[in-house]
Amino acid sequence: MKTVLVIGGGITGLSAMYELQKWKKANHADLKLILVESSSELGGKIRTVKDGSFVMESGADSIVARKANSMPFIDELGLEREVVYNSTGRSFIYTDGELKPIPADSVFGIPASIESLANSTLVSAEGKVEALKDFFTKNETFTKSDSVGTFLEYFFGKELVEKQISPVLSGVYSGELSDLTIASTLPYLLDYKEEYGSIIKGFEANKKRFQSNGEKKFLSFRNGLRSLIDAYESKLDEVEILMNTKAAKITKSNNRYHVKLNNHEIIEADFVVLSIPHTAAETLFGDEELVKEFTGFKNSSLISMYVGFDVPDSILPADGTGFIAANTDELSCNACTWTSRKWEHTSETGNLLVRLFYKSSHPSFTALKEMNEEQLLQVALMDIHKGLGIIAEPVASEVTNWTEQMPNYLITHPKSVEALENKLAETFPGVIIAGCSYYGVGIPDCVENGVRTAEKIIEFL
Ligand code: FAD
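Residues numbered from 1 in each chain as written. Predicted model: local features only at pLDDT ≥ 70, side-chain atom pairs only at ≥ 80, totals over all residues. Heavy atoms only, no water.

Per an unreviewed UniProt entry, the recorded name for the protein is Coproporphyrinogen III oxidase, and the organism is Neobacillus ginsengisoli. Taken verbatim from the UniProt record of the protein, the Catalytic activity (unreviewed entry) comment is "coproporphyrinogen III + 3 O2 = coproporphyrin III + 3 H2O2". UniProt, in the comment section headed Cofactor (unreviewed entry), describes the protein in these words: "FAD". (UniProt positions renumbered as here; feature names shortened; annotations may be inferred.)

Asker: Mind showing me how you'd approach the overall build of the protein here?
Answerer: Counting its secondary structure elements, the protein contains 18 helices and 22 strands. Against the globule reference of 23 Å for 461 residues, the protein gives a C-alpha radius of gyration of 24 Å, in line with a compact fold. By residue count, 51% of the 461 residues in the protein fall in the buried class. Within the protein, counting contacts between residues at least 6 apart in sequence, those at least 24 apart form 73% of the total. About 21,300 Å² of surface is accessible on the protein, with carbon and sulfur atoms providing 50% of the total. Looking at charge distribution, the protein has the averaged site of its 46 positive side-chain charges lying 3 Å from that of its 64 negative ones. (Helix = DSSP H or I, 4+ residues; strand = E, 2+ residues; numbered from the N terminus. Rg over C-alpha atoms; globule rule 2.2 N^0.38 Å. Buried < 20%, exposed > 50% of the residue type's maximum accessible area, 1.4 Å probe, protein only. Contact = heavy atoms within 4.5 Å. Areas by Shrake-Rupley, 256 points an atom, 1.4 Å probe, with all protein chains shown as cover. Lys, Arg positive; Asp, Glu negative; His and termini not counted. Charge placed at Lys NZ, Arg CZ, Asp CG, Glu CD.)

Asker: Looking at this model, I keep getting lost on the environment of S397. Mind explaining?
Answerer: For S397, the position within the fold is in strand 21 (residues 394–408). Remark: the alpha-carbon pair of S397 and V291, spanning 106 residues in sequence, is separated by 39 Å.

Asker: Please clarify how the site of the ligand should be interpreted in this entry.
Answerer: Around the ligand lies a shell of 32 residues, among which T12, E37, S62, V441 and I443 are the nearest. A247 has a polar backbone atom sitting 3.0 Å from a nitrogen atom of the ligand. Take C436: an N or O atom from its main chain is 3.0 Å from an oxygen atom of the ligand. In isolation the ligand exposes 1,000 Å². Once the protein is present, 88% of that is buried. Elements with a minimum of two residues in the shell around the ligand: helix 1 (11–26), strand 21 and helix 18 (443–458). Looking at the shell around the ligand residue by residue, the class counts come to 15 nonpolar, 13 polar and four charged. (Near = heavy atom within 4 Å. Polar contact = N/O pair within 3.5 Å; in protein donor to acceptor, adjacent residues only side chain to side chain. Nonpolar A, V, L, I, M, F, W, Y, C, P; charged D, E, K, R; others polar.)

Asker: Hey, could you run me through the packing of aromatic side chains in this one?
Answerer: The geometry of an aromatic ring pair is captured by two quantities: the separation of the ring centres and the angle between the planes. Under the definition given, this model contains 21 aromatic pairs. Ring geometry for Y192 against F203: centres 5.5 Å apart, planes inclined by 80°, an arrangement best described as edge-to-face. Residue Y192 is found in helix 8 (residues 188–196), and its partner F203 is found in helix 9 (residues 199–205); the two are separated by eleven residues along the sequence. With centroids separated by 6.4 Å and ring planes inclined at 35°, the aromatic side chains of F271 and F460 adopt a geometry described as tilted. Pair noted here: F271 is in strand 16 (residues 271–274) and F460 is in the segment after helix 18, with a separation of 189 residues, a long-range link. When its relative accessible area of 11% is taken as the criterion, F271 is described as buried. (Phe/Tyr/Trp six-rings, centres within 6.5 Å; stacked < 30°, edge-to-face > 60°.)

Asker: So what exactly am I meant to see when it comes to the state of the cysteines here?
Answerer: A disulfide bridge is the covalent bond that connects two cysteines by way of their sulfur atoms. For the coordinates displayed, the defined rule picks out zero disulfides. Between C336, a free cysteine, and C333, which holds the nearest cysteine sulfur, the sulfur-to-sulfur gap is 6.1 Å. Unpaired in terms of disulfides, C446 finds its nearest cysteine sulfur in C436, a separation of 5.4 Å. Owing to a relative accessible area of 4%, C446 belongs among the buried residues under this scheme. (Disulfide = S-S within 2.5 Å.)

Asker: What exactly am I supposed to notice about the confidence of the model for the protein here?
Answerer: Should pLDDT be low for a region, the predicted coordinates there are not to be read in detail. Residues at a pLDDT of 70 or more form 99% of the protein, whose mean pLDDT is 94. The ipTM value of the predicted complex is 1.00, and its pTM value is 0.93. (pLDDT = per-residue confidence, 0-100.)

Asker: Would you mind going over helix 18 with me for this structure?
Answerer: Given 3.6 residues to a turn, an α-helix orients residues that are three or four positions apart in the same direction. With 16 residues, helix 18 extends 23 Å from end C-alpha to end C-alpha; this agrees with the ideal 22 Å at 1.5 Å per step. For helix 18, every residue scored as buried is listed here: I443, P444, C446, V447, N449, G450, T453, A454, I457 and I458. (Expected span 1.5 Å × (residues − 1).)

Asker: Even after reading the chapter, I still don't get the pattern of salt bridges, so can you show me in this structure?
Answerer: Two side chains of opposite charge can pair, provided their charged atoms sit close to one another. All chains considered together, the criterion is met by 22 salt bridges. A salt bridge links E41 to R47; the shortest N-O distance between them is 3.7 Å. In this structure, R47 engages E398 in a salt bridge whose closest nitrogen and oxygen atoms are separated by 3.7 Å. Of this pair, R47 sits in the loop between strand 2 (31–36) and strand 3 (48–51) while E398 sits in strand 21; the two residues are 351 residues apart in sequence, bridging distant segments of the chain. Among the residues examined, R47 registers a relative accessible area of 31% and is labelled partly exposed. Classification of E398 by relative accessible area gives buried; the value is 8%. In the salt-bridge network here, residues are joined through shared partners; they are E41, R47, R226, D230 and E398. (Salt bridge = Lys/Arg side-chain N within 4 Å of Asp/Glu carboxyl O.)

Spelled out as structure tokens, the structure:
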């Protein structure tokens with residue numbers, strides 16, 4: 001009998017196990033399936049917390065609907081009736097002590113029409129006039145490997161970029177615009193400049209590409225993303241699941257593997273899936289050459305805080321769903337989602353629930369990461385007071401510190417993955433890396449990677 005051991009019960013490990021079990025049942029195979037999870041809950045970065053009438057997601061909060069729709073996992077898990085979609089609305093930028101709407105008809109803060117530029121309340125009249133140079137300045141030097149920040153500033157001027165584009169774009173792509181290339185962000189900007197002579201004209205000519213037609217972009221489930229994890233768990237009836245069980249070491253023995261657990265037991269397996277963060281995976285091996293291959297992977301940090309109030313969320317600006325903070329010297333948070341507005345299911349009573357994001361790129365993060373939950377909550381309340389003008393006592397809160405838990409793909413990422421795969425195939429054939437450290441961070445990517453990982457193993461069964 002062959003044994004497959006999956007280490008890590010996040011969405012990737014669960015998806016891999018589900019696929020392996022499906023094959024086992026269909027083929028009446030003599031196959032032992034074991035999953036070990038170090039914590040007391042399955043789900044990893046998907047964790048729903050309920051507090052009173054609020055539903056809070058300490059990690060991921062939604063799935064990109066377009067990607068999920070092209071994947072069968074929601075129907076297959078019987079969750080189609082549980083699906084809820086986000087409400088759409090306006091986002092704001094908090095700057096100079098007030099909330100200003102991101103103009104309609106803009107893409108990542110870049111005006112997609114002359115009206116959008118004219119109507120902006122984020123940029124001064126001088127800034128708007130300067131931005132008009134986009135219409136008459138030709139591109140003579142820029143290529144897609146140039147900085148997107150320098151490119152945008154050259155054609156739109158400093159003010160529009162600093163006050164309207166950068167807060168949005170650098171939030172989405174997690175970095176300073178000066179460090180991000182056109183190729184790795186919005187390569188079509190250069191194409192528009194070349195083809196239409198102006199970025200704005202390019203957007204106007206390609207309007208359809210950016211129109212949402214009221215389509216819902218994100219989905220979750222009535223009881224939170226936890227439903228996804230529960231659905232997998234309830235279906236894994238032929239898998240031995242060991243909770244509170246941490247894999248500590250992998251050694252090879254006659255083409256099989258011995259995986260030592262923290263309780264000193266040893267599991268023998270023919271195939272081992274490492275659906276754990278790369279920082280956890282590298283500690284399992286004694287092989288120095290192999291451990292070196294993990295150095296190409298990096299993580300960043302994020303603190304997520306929810307605060308719920310006994311106040312109706314209608315006190316916030318109409319249609320709003322959140323804000324991005326433009327200046328690091330005004331607020332400690334990078335962004336704030338008005339969760340109860342965006343996701344109706346998260347607040348049974350319609351009372352206000354907000355989520356604040358604190359990224360390691362923010363200068364205040366150095367102090368925040370040393371704080372305890374109570375101190376962090378005070379920081380969040382201060383930001384809520386300044387940003388939203390609310391001074392009510394919170395009735396619910398949830399703080400999660402994702403220090404060094406957010407994979408940060410470097411430009412060299414694909415090469416690092418390939419090198420690690422090759423080294424593993426050479427030194428530990430049958431041990432397979434999987435999950436968000438390597439193959440995409442989005443939930444659909446992780447589900448798909450789980451399926452592909454199972455298929456790789458099935459080829460050899
Ligand atoms: P993980 O979820 O990290 O699972 C790994 C598991 O392995 C964990 O359960 C861990 O306890 C366990 N483990 C670790 N070491 C060991 C060991 N030695 N032995 C046994 N078990 C071990 N994605 C989206 O699609 N939409 C979003 O809205 C979104 N928002 C996010 C917000 C935040 C704050 C975070 C942190 C992530 C977000 N993501 C989002 C990304 C997404 O949640 C993750 O990429 C995905 O859930 C990762 O799944 P995984 O199974 O690969 O890894």
